[in-house]
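Observations on chain architecture
Listed below are the residues making up each chain.
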Amino acid sequence: MPEPRIAVVGATGAVGGVTLRLLRERGFERVRALASARSAGRELEGGLVVEEATPDALAAGDIDLAFFSVGTSASRELVPHAVRGGAVAVDKSSAYRLQDGIPLVVPEVNGERALEHDGIVANPNCCAIPLTMALKPLHDAAGLARVRVSTYQSVSGAGAQRMEELRATPSGEGNLAMDWDFDGEEFDEESKLRDETRKILELPELPISATCVRVPILVGHAEAVWVETQEQLSADEARDLLGRAPGLRLLDFPTPRDALDVDDVLVGRIRPDRAAGENGLTLFLACDNLRKGAALNAIQIAELLLARHPIPA
Ligand SMILES: NC(=O)c1ccc[n+]([C@@H]2O[C@H](COP(=O)([O-])OP(=O)(O)OC[C@H]3O[C@@H](n4cnc5c(N)ncnc54)[C@H](OP(=O)(O)O)[C@@H]3O)[C@@H](O)[C@H]2O)c1
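Here goes a summary of the coordinates provided. Since this is a predicted model, take the numbers as computed values, not measurements.

Glancing now at the overall build of the protein chain. Across its full length, the protein chain holds 10 helices and 12 strands. Over its C-alpha atoms the protein chain spans a radius of gyration of 19 Å, differing by no more than 12% from the 20 Å that the globule rule assigns to 313 residues. Dimensions along the principal axes, computed over C-alpha positions, put the protein chain at roughly 60 × 50 × 35 Å. In the protein chain, which comprises 313 residues, the proportion classed as buried is 52%. Contacts spanning at least 24 positions in sequence make up 69% of the contacts within the protein chain whose residues lie at least 6 apart. Taking the 33 positively charged and 48 negatively charged side chains of the protein chain as two groups, their mean positions are separated by 2 Å.

And the structure:
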């Protein structure tokens, strides 16, 4: 099968660096690294030299797959040029996630949707990916009635610079943060989590509320989830379902440290919700936000597309 010509746009960032590493590990060879003019010419680990992601470079017609992790406004500006040049773009920003007609994909949950793309596939928010992976099997078995989630998100979710800031913070002086755009009631991270979960699960009316918090750790997000189902589902049944679900791994007490550099989403603490009626369960998730929460999920989307539509010789 001919090798796809791949562009990693945002290659100098937290997600871009992991994307390059995973592409190398998975044997992709025709990979270019692009970023802004600020880092053009810089040599990255592995020897790739960063090119500037100009509209012309992206539209030149020599890219089959473009992974974008550049932030929302740069994605809005640059992704259409890559698509114009014939590439399929997998975009990790929130620019296109909720746009009608653009698939928002977690391969284990709604992978088939990726095949409906018209040039762009959106990669969900780093908390929506693990959450939907855990909710989907529960919904298939018992129907979701209501979901509440509280997140514990590492600083790498806010990019490479925030990781540097935490590294420079004296030990013991880290704090919780709520550093997303606030609309007077909710952070945009919380509404994204609701809207994206509804779109991925195709449950547009699902009652779901989130409280998102940034915690002073470098990598790995965790989520406490309270689920009410339509049919009764015991904790043992839920554990069995989640243990068999693709991409999930059971662990009694999952932490971000356990999830570091691990492909799977870790799920544990599955128990009855003592504050709910008979149909309430609670559980805890941990996930490497740079890996399954971003880079890996995007690469799995691309692999799914390549398996169905190999690059023509
Ligand atoms: N971190 C996560 O856990 C996570 C998870 C899911 C999705 N995402 C999304 O992925 C995107 C990137 O996140 P990140 O954490 O990797 O951020 P980051 O560490 O700040 O990196 C940003 C990258 O984008 C590049 N860039 C910025 N503006 C650009 C422009 N106008 N043209 C070309 N390149 C540009 C930067 O290049 P320079 O070095 O040249 O400035 C850098 O490579 C964001 O949309 C974020 O929401 C992140």
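Should the charged atoms of two oppositely charged side chains come close, the side chains can pair. A complete count under the given rule lists 26 salt bridges for this structure. Note that Lys136 is salt-bridged to Asp140, the shortest N-O span being 3.2 Å. In this pair, Lys136 and Asp140 both sit in helix 5 (residues 128–142), 4 residues apart, roughly one turn of the helix. Relative accessible area serves as the criterion here: at 27%, Lys136 is assigned to the partly exposed category. With a closest N to O distance of 2.6 Å, Arg194 and Glu186 form a salt bridge. On the basis of relative accessible area, Arg194 is assigned to the buried category, the value being 17%. By relative accessible area, which is 15% here, Glu186 ends up buried. Residues joined in a network through salt bridges with shared partners are Arg21, Glu25, Asp261, Asp263 and Arg291.

Before going further, it helps to spend a moment on the sheet that holds strand 11 (residues 265–272). Judged by pairing direction, the sheet is mixed, and its 6 strands sit side by side in the order 8-7-9-12-11-10 without closing on themselves. In this open sheet, the two strands that pair with only one neighbour each are strand 8 (208–214) and strand 10 (248–250). Here the average twist between neighbouring strands, direction ignored, is 25 degrees. Of the pairings in the sheet, the one linking strand 7 (residues 144–153) to strand 8 comprises 7 bridges and is parallel in character. Residue pairing across strands places Val149 opposite Ala210, the latter belonging to strand 8.

What surrounds the ligand is a group of 26 residues, the closest being Thr12, Ser36, Ser39, Ser156 and Ala160. One of the side-chain N or O atoms of Arg38 is found 2.9 Å from an oxygen atom in the ligand. Within the backbone of Ala160, one N or O atom sits 2.8 Å away from an oxygen atom of the ligand. In the complex, the protein chains occlude 79% of the 900 Å² of accessible area that the ligand would expose alone. Elements that contribute at least two residues to the shell around the ligand include exactly helix 1 (14–25), helix 3 (72–84) and helix 10 (291–308).

Ranked by size, the top nonpolar core spans 59 residues in total, and within it Leu58, Phe68, Leu138, Leu144 and Val225 carry the most contacts. Looking at which element gives the most residues to this core, the answer is helix 5, with 8 residues. Residues contacting Leu138, with those up to four places away along its chain left out, are Gly143, Leu144, Val227, Leu233, Ala238, Leu241, Leu242 and Leu283. Formed by 37 residues, the second largest nonpolar core is a distinct cluster that contains Val121, Val219, Ile301 and Leu306.

Checked against the element boundaries, Asn110 lands in helix 4 (residues 107–110). When sequence neighbours within four positions are dropped, the list of residues in contact with Asn110 reads Leu104, Val105 and Ile200.

Moving on, we get to the environment of Gly293. Turning to its location among the elements, Gly293 is positioned in helix 10. With relative accessibility at 3%, the residue Gly293 sits in the buried group. Residues contacting Gly293, with those up to four places away along its chain left out, are Asn123, Pro124, Asn125, Cys126, Ile129, Cys287 and Asp288.

Rules and cut-offs
Residues numbered from 1 in each chain as written. Predicted model: local features only at pLDDT ≥ 70, side-chain atom pairs only at ≥ 80, totals over all residues. Heavy atoms only, no water. Helix = DSSP H or I, 4+ residues; strand = E, 2+ residues; numbered from the N terminus. Rg over C-alpha atoms; globule rule 2.2 N^0.38 Å. Buried < 20%, exposed > 50% of the residue type's maximum accessible area, 1.4 Å probe, protein only. Contact = heavy atoms within 4.5 Å. Lys, Arg positive; Asp, Glu negative; His and termini not counted. Charge placed at Lys NZ, Arg CZ, Asp CG, Glu CD. Salt bridge = Lys/Arg side-chain N within 4 Å of Asp/Glu carboxyl O. Pairing = 2+ DSSP bridges. Axes fitted to C-alpha atoms, helices over the stretch in contact; angles between N-to-C directions. Near = heavy atom within 4 Å. Polar contact = N/O pair within 3.5 Å; in protein donor to acceptor, adjacent residues only side chain to side chain. Areas by Shrake-Rupley, 256 points an atom, 1.4 Å probe, with all protein chains shown as cover. Core = buried A, V, L, I, M, F, W, Y, C linked by side-chain atoms within 4.5 Å.

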